[in-house]
Amino acid sequence: LTLDLHIAAAEAAYLEGNLQRMEDIASVVLRSAQTILDKVEIYRIQIAAMTANGKMLEAIAIGRNTLAQLGIDLPATPDEALTGKALQTLDRQLQGRAIEDLLHLPAMSDLQAKLTMKLLADVCAPIFIAMPGLYPIISSTMVGLSLQFGNTLLSALGYVNHGGILTAFFGDVEKGYLFGKLA
């Protein structure tokens, strides 16, 4: 209960524009929280605050550090080799599956996977603005998590972003359309 109250207070401080108060409360939570799962909501508030204040690189850094604690390695800078690897891994996961059948995946129930999806969604805007070369890694990671753990509301964001990437960067209009339609 105390953790939830502190998180709510940090969010209220952010929403009223009192970033120093938000950071003070966040600091208390981060020192006291026992697990990364207890800290994720505070990191999400920090990402939102940095994004709202135009501090995209800081938002990305918070997201990268938090995702790393959840087992997702997001490179510090765009890297074509890592992007290619992420896309190849997703292609292997998709082998033998029709894109439209992803609609029938079970609901995501794993808490860590759900929080990871939320964090990936939170860093979409800052990455799109400040480091668009990382965007394919974000979208392929979201789709991959959906394949592994099931669908959540944020799966649609991963699907539509991945469809856009397939279309815009790789000229694969057919697959891009199917992912967009799935979303």
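Residues numbered from 1 in each chain as written. Predicted model: local features only at pLDDT ≥ 70, side-chain atom pairs only at ≥ 80, totals over all residues. Heavy atoms only, no water.

1. Quick notes on the nonpolar core
For step 1, the next point in the chain: Counting 42 residues, the largest nonpolar core has Met22, Ile42, Ile45, Leu74, Ile127, Ile138 and Met142 as the members making the most contacts within it.
For step 2, the next point in the chain: Elements supplying a minimum of two residues to this core: helix 1 (2-15), helix 2 (19-32), helix 3 (36-52), helix 4 (56-69), helix 6 (111-122), helix 7 (124-130) and helix 8 (135-149).
For step 3, the next point in the chain: Considering each element in turn, this core owes the most residues, eight residues, to helix 3.
For step 4, the next point in the chain: With near-sequence residues (within four places) excluded, Ile127 lies in contact with Ile60, Leu74, Pro132, Leu134, Tyr135 and Ile138.
For step 5, the next point in the chain: Of all hydrophobic cores here, the second largest spans eleven residues; its members include Leu90, Val143, Tyr159 and Leu166. (Core = buried A, V, L, I, M, F, W, Y, C linked by side-chain atoms within 4.5 Å. Buried < 20%, exposed > 50% of the residue type's maximum accessible area, 1.4 Å probe, protein only. Helix = DSSP H or I, 4+ residues; strand = E, 2+ residues; numbered from the N terminus. Contact = heavy atoms within 4.5 Å.)

2. Side note on the pattern of salt bridges
Side chains that carry opposite charge are capable of pairing whenever their charged atoms lie near each other.
For step 1, the next point in the chain: In this structure the tally under the stated criterion is two salt bridges.
For step 2, the next point in the chain: Note that Arg44 and Glu41 form a salt bridge whose closest N and O atoms lie 3.1 Å from each other. Residue Arg44 and its partner Glu41 are located together in helix 3, separated by three residues, close to a single helical turn.
For step 3, the next point in the chain: Two residues, Arg44 and Asp122, come together in a salt bridge whose shortest N-O distance is 2.6 Å. Of this pair, Arg44 sits in helix 3 while Asp122 sits in helix 6, placing them 78 residues apart in sequence.
For step 4, the next point in the chain: Connected via shared salt-bridge partners are Glu41, Arg44 and Asp122. (Salt bridge = Lys/Arg side-chain N within 4 Å of Asp/Glu carboxyl O.)

3. Concerning the packing of aromatic side chains
For step 1, the next point in the chain: Tallying each qualifying case throughout the model produces two aromatic pairs.
For step 2, the next point in the chain: With a centroid separation of 5.5 Å and 65° between ring planes, the pair formed by Phe128 and Tyr135 is classed as edge-to-face.
For step 3, the next point in the chain: Judged by relative accessible area, Phe128 falls into the exposed class, the value being 55%.
For step 4, the next point in the chain: A residue is classified by how much of its surface remains accessible, and Tyr135, at 13% relative accessible area, is buried.
For step 5, the next point in the chain: Geometrically, the ring pair formed by Tyr159 and Phe179 is tilted, given 6.2 Å between the ring centres and 40° between the ring planes. Of the two residues, Tyr159 sits in helix 9 (residues 155-170) while Phe179 sits in helix 10 (residues 173-182), which places them 20 residues apart along the sequence.
For step 6, the next point in the chain: When its relative accessible area of 1% is taken as the criterion, Phe179 is described as buried. (Phe/Tyr/Trp six-rings, centres within 6.5 Å; stacked < 30°, edge-to-face > 60°.)

Don't take any of this as a statement about function, it's just geometry.
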